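For reference, the chains in residue letters:
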Amino acid sequence: MDKKKHSLKTPVMTHRAFLALAIPLIFSAMTTPLIGAVDTAIVGHLQDPALIGGVAVGALIFNTMYWLFGFLRVSTSGFSAQALGRKKEDDIMLAFVRPFLLAMFVGLSFILLQHPIKSASLLIISPPEHVGLFAEQYVAIRIWGAPFALISYVVIGWLMGIGRIRGAVTIQVGTNLLNVALDFLFVYWMQWGIGGVAAASLIAEVTGAVAGCLFVLRCYSFSVFSSLTQVLDKRPILHMLTVNRDLFIRTICLLTVLTTFTSIGARFGEVSLAANAILLQLHYLMAYMFDGVANAASIVVGRSVGARDRSLFERVVRLDIVWSSVICLWLVCTLGLMKEPIIALFTSIPAVQAETLQLFGWIMLFPIAGFWGLQLHGMFSGATVARPIRQSMIIAMLVFLISCWLFVPLWGNNGLWLSFIVFTIARSMTLHLSYPALQRLFHDKERSIGA
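Residues numbered from 1 in each chain as written. Predicted model: local features only at pLDDT ≥ 70, side-chain atom pairs only at ≥ 80, totals over all residues. Heavy atoms only, no water.

## Here's the deal with the overall build of the chain
- The helix and strand tally for the chain stands at 17 helices and zero strands.
- Considering only intrachain contacts with a sequence separation of at least 6, the fraction spanning at least 24 residues in the chain is 85%.
- For the chain, the accessible surface area stands at approximately 18500 Å², while carbon and sulfur atoms represent 69% of it. (Helix = DSSP H or I, 4+ residues; strand = E, 2+ residues; numbered from the N terminus. Contact = heavy atoms within 4.5 Å. Areas by Shrake-Rupley, 256 points an atom, 1.4 Å probe, with all protein chains shown as cover.)

Shown next as structure tokens:
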């Protein structure tokens, strides 16, 4: 590794240092859902609600595939941050190579299995006929970016974990800005419709992965490995897989909730499906904003675990609480004051605007219900303690399904959104109950090291 370009020293964590880490991560994280948000906004001005629904369903299919392996970013960040805390260069590089190989394998498998994936997904979601046709067109094009999207997860997670925030942000923001530019080019200028939306996402994903890998190869050396046996060492691989197993189960539960939400929403017609798609995009934007702060906390928690520095751990928890609370308050105020202009950004269709406005109060509750759970997720991920994350999501998913059974027959789409907010609250509360266990585990690790 080029020591001139990267320091293994752990910085003092003040409010200023935390914000210096969190702000670019917030900015970077918020650009992630821009692919779906911009896609939705672009087709929202084409005067056909079925187009919005087609993009929503197509994006849900890819969110499902990619989020199932979202641990490639989360765990890579945690393991590389801990390796940085231990100040072991070979561990830092191994934290990249192992998930990179896994990402390639999974992405190629998605391409080979694209037809059964598409058929099964549309069967489960059961969208209206026209919506389904548009979704098929979207999936058939964007599927070829699967290996690149997953490799990007590894690159971004690894760069964040070792503190190369500028590189991670540049790659992520550049990729999403390229997607925005290509959306306008393909849809408005070249008149490619939903195929143009999918092509823009595909090109952006390929470009981001290639640029990320070139950045890694340019800045870091892989000569620290003594042999391929070191890369395939059984013990750390099993450790990685154990953590990733729990994160995988967590993601299955989350995607079950989102798939159920979209499937139930589709029963209320194209206008309600379009309104729900817009509100879900707002939810993604807010969730990723909170994820930016959570990612900052995750990185520092990982370093504190690697360095066995309990005081650093406790300090970053306090900073995380302060700044995530500030963001929560700001989001609620902004949504309350700007709801009509925000809706107008996504669609010019009067019926969809009216339905979205009627449901808007539910999305204003999301920051209050979800911000603490999202921060706890970051802390547990940074410590690579994934079992409480898995357990909390299983419980929250069951709460959501029960709520849908109770409230959707009574209040329709409003009952569906009530169930989603109840799910979010349950997710935060159950993970909060596990926080003392994280503190005790951190103490146990310190004691075992000193034994």
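## Some points on the side chain of glutamine 375
- Relative to the elements of secondary structure, glutamine 375 occurs in helix H15 (residues 350-382).
- Owing to a relative accessible area of 0%, glutamine 375 belongs among the buried residues under this scheme. (Buried < 20%, exposed > 50% of the residue type's maximum accessible area, 1.4 Å probe, protein only.)

## Considering the packing of aromatic side chains
- Taken as a whole, this structure holds 15 aromatic pairs when the rule is applied.
- Aromatic pair phenylalanine 69 and phenylalanine 110: ring centres 5.8 Å apart, planes at 75°, arrangement edge-to-face. Highlighted residues: phenylalanine 69 in the loop between helix H3 (49-68) and helix H4 (71-86) and phenylalanine 110 in helix H5 (residues 89-112), separated in sequence by 41 residues. Phenylalanine 110 matches phenylalanine 69 in its accessibility class, with the two residues each being buried.
- Both rings, one in phenylalanine 96 and one in tryptophan 158, keep their centres 5.1 Å apart while their planes meet at 50°; by these two values the pair is tilted. Placement of phenylalanine 96 in helix H5 and of tryptophan 158 in helix H8 (residues 146-161) is noted, with a sequence separation of 62 residues between them. Accessibility assignment for this pair places phenylalanine 96 and tryptophan 158 in one class, buried.
- Put simply, the rings of Phe261, Phe400, Trp417, Phe420 and Phe423 touch in pairs and so form one group of aromatic residues.
- Over the ring of phenylalanine 62 we find arginine 142, and its NZ or CZ is 4.8 Å from the ring centre. (Phe/Tyr/Trp six-rings, centres within 6.5 Å; stacked < 30°, edge-to-face > 60°. Lys NZ or Arg CZ within 6 Å of the ring centre and 35° of its normal.)

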